[in-house]
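Architecture and fold: a report
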Amino acid sequence: MTNYDYILPTYPRYPVTFVKGVGCKLYDDSGKEYIDFASGIGVNSVGHSHPKWVEAVCAQAATLSHVSNLYYTQPGGELAKKLCAISDMKGVFFSNSGAESVEGAIKTVRKYSNNKYGDDAGRNTIITLHGSFHGRTMAALTATGQPEKFHKHFHPFMPGFRYIPANDISTLEAEAKNTDICALMLEPVQGEGGVMPLDAKYLQKAEEICAKNDWLLIVDEVQTGIGRTGDWFAYQGYGIKPDAVTFAKGIAGGLPYGGFLLGEKAHSVLGAGDHGTTYGGNLVCAAAALSVLEILTPILPTIKEKGEYIIKKVKAMNLPCVKEIRGKGLMLGIKLEGIPHTEAVANLLKAGLVALPAGTDVLRFLPPLIITTEEIDAGLAILQKELSR
């Protein structure tokens, strides 16, 4: 047996062991170099071993790493203020992961409704969309609108969720006749569902319907947030303002961190004892997150340009197996035909390009947001060569 045989086989891992990363490059244990178009599933937003990120993490680790949430910390306070400023929200709760962030948002919207209408009113159902993905914990998994793929083996699932088609305004309007709804939760771009951006008109109408019926609108930005689509949060590019926003992945540049932001309606819902986490708000992660925001601020306007550049280059390749390229900013999906998407990912990895699968037939790109045009070109050259075979 090897050391890896002791790891539970919950992931279909590729036969590569990465040992080093610099910028947008990864290196395996044989010294082979790879161009990273995956960034740890959107986590390494400022690439690998960024000097400012390393300096911030090391300085905080050498000062204070953890004191619990019974006390205030300077990095946590500074980060909370900055996140509320860039999101136009009123308050934030820090967690350790995307699924935890979703769980906290779920608790918040249900408490809001129960506080206002009473437990007996039965306003506790959360609507989510077909094709959505919200996490692996039980509530987040139940909220995920892909039951045929994810709702197996773990029954009974939690009550209080209902799924409707994405971009279907009439179905959403029809839900208004039901009196059991407290919230609508959606991803502005469905990541695991195949990199499917929602329509702007649908999101704007969803905001209107939620406000009219006093449903809270949760926008799950675990993958789309912190600059991934070219705005700090994807909802800002659609001109809507949610009541709750989840975030994680790219916030701390590789360290486990996340949280949820609350707007005017919901920011005072949770009180002492209503929610908590031992490690959420960790000082080292908070310092890392502050460095990420600092690094991304000057390059935020370039992210959409980089995404448009990739789309233009891929379309110009005229590859028979590429049926569509879609997405926003540096969250892109290439719909394939004639080659399984998982096989394409494996072939690209062998050739030195790290990419991701999504949905049932999509090749997903989530490169570090700092990626250069030269690095994009090098990665796309590998893509063209491999998909032309």
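Higher on the page you've got the structure.
This text gives an overview of the structure that appears in the document. Counting from 1, residues in each chain are numbered in the order their sequence is written. Local features in this predicted model are restricted to residues of pLDDT 70 or higher, and side-chain atom pairs are both shown and tallied only at a pLDDT of 80 or more, whereas totals for entire chains, interfaces and linings draw on every residue. Heavy atoms throughout the structure, all of them, feed into the side-chain values; hydrogens and water do not.

A closer look at the pattern of salt bridges
One side-chain nitrogen of Lys or Arg within 4 Å of one carboxyl oxygen of Asp or Glu is enough to make a salt bridge. According to the stated counting rule, one finds 18 salt bridges in the structure shown. Measuring nitrogen to oxygen at the nearest pair gives 3.2 Å for the salt bridge that ties E192 to R364. One end of the pair, E192, is in the loop between β8 (189–190) and β9 (196–197); the other, R364, is in strand β17 (residues 362–365), and 172 residues separate them in sequence. The class of E192 is buried, set by a relative accessible area of 19%. We call a residue buried when its accessible area falls under 20% of the maximum for its residue type, exposed when it is over 50%, and partly exposed in between, using a 1.4 Å probe and counting protein chains only. With relative accessibility at 2%, the residue R364 sits in the buried group. When the shortest N-O distance is used, the salt bridge between R326 and E324 registers 2.9 Å. Residue classification places R326 among the buried residues on the basis of a relative accessible area of 13%. Each of K116, D214 and K265 takes part in one network of salt bridges that share partners. Strands are runs of DSSP state E lasting at least 2 residues, helices are runs of H or I lasting at least 4, and numbering of each runs from the N terminus.

Regarding the packing of aromatic side chains
Here is the rule: rings of Phe, Tyr and Trp (six-membered ring for Trp) pair when centre to centre is within 6.5 Å. Planes less than 30 degrees apart are stacked, more than 60 are edge-to-face, and the remainder are tilted. Scanning the model with the defined rule gives six aromatic pairs in all. Both rings, one in F93 and one in F260, keep their centres 5.3 Å apart while their planes meet at 20°; by these two values the pair is stacked. Remark: F260 occurs in strand β12 (residues 258–262) and F93 occurs in strand β4 (residues 91–95); sequence separation between them is 167 residues. We classify F93 as buried; its relative accessible area is 19%. Centre to centre, the rings of F233 and Y235 are 5.8 Å apart; their planes meet at 20°, and the pair counts as stacked. The same class applies to F233 as to Y235, namely buried. Remark: a charge is flagged as sitting over a ring if the NZ atom of Lys or the CZ atom of Arg is within 6 Å of the ring centre and within 35 degrees of the ring normal. One Lys or Arg, K20, reaches over the ring of Y27 and ends 5.8 Å from the middle of that ring. Above the ring of F161, the side-chain terminus of R110 is found at 4.9 Å from the ring centroid.

Observations regarding the packing of helix α11 (residues 341–351) against helix α12 (residues 373–387)
Here the axes come from fitting lines to C-alpha atoms, over the contacting stretch only for helices, and the angles between their N-to-C directions go from 0 to 180 degrees. Interaxial distance between α11 and α12 falls to 10 Å at its minimum, and their mutual angle equals 125°. With respect to α12, the element α11 is oriented oblique. In this structure, α11 meets α12 at a crossing whose hand is right-handed. Contacts from A344, N347, L348 and A351 in α11 reach I382, L383, E386 and L387 in α12. Residues of the contact of α11 with α12, tallied by class, amount to six nonpolar, one polar and one charged. Working rule for angles: under 35 degrees goes down as roughly parallel, over 145 as roughly antiparallel, 65 to 115 as roughly perpendicular, anything else as oblique. Crossings are classed by handedness, with left-handed meaning an anticlockwise turn of the near helix from the far one by less than a right angle and right-handed meaning a clockwise turn. By the convention used here, residues are in contact when the closest approach between their heavy atoms is within 4.5 Å. Each residue is assigned to one class: nonpolar for Ala, Val, Leu, Ile, Met, Phe, Trp, Tyr, Cys and Pro, charged for Asp, Glu, Lys and Arg, and polar for all the others, Gly among them.

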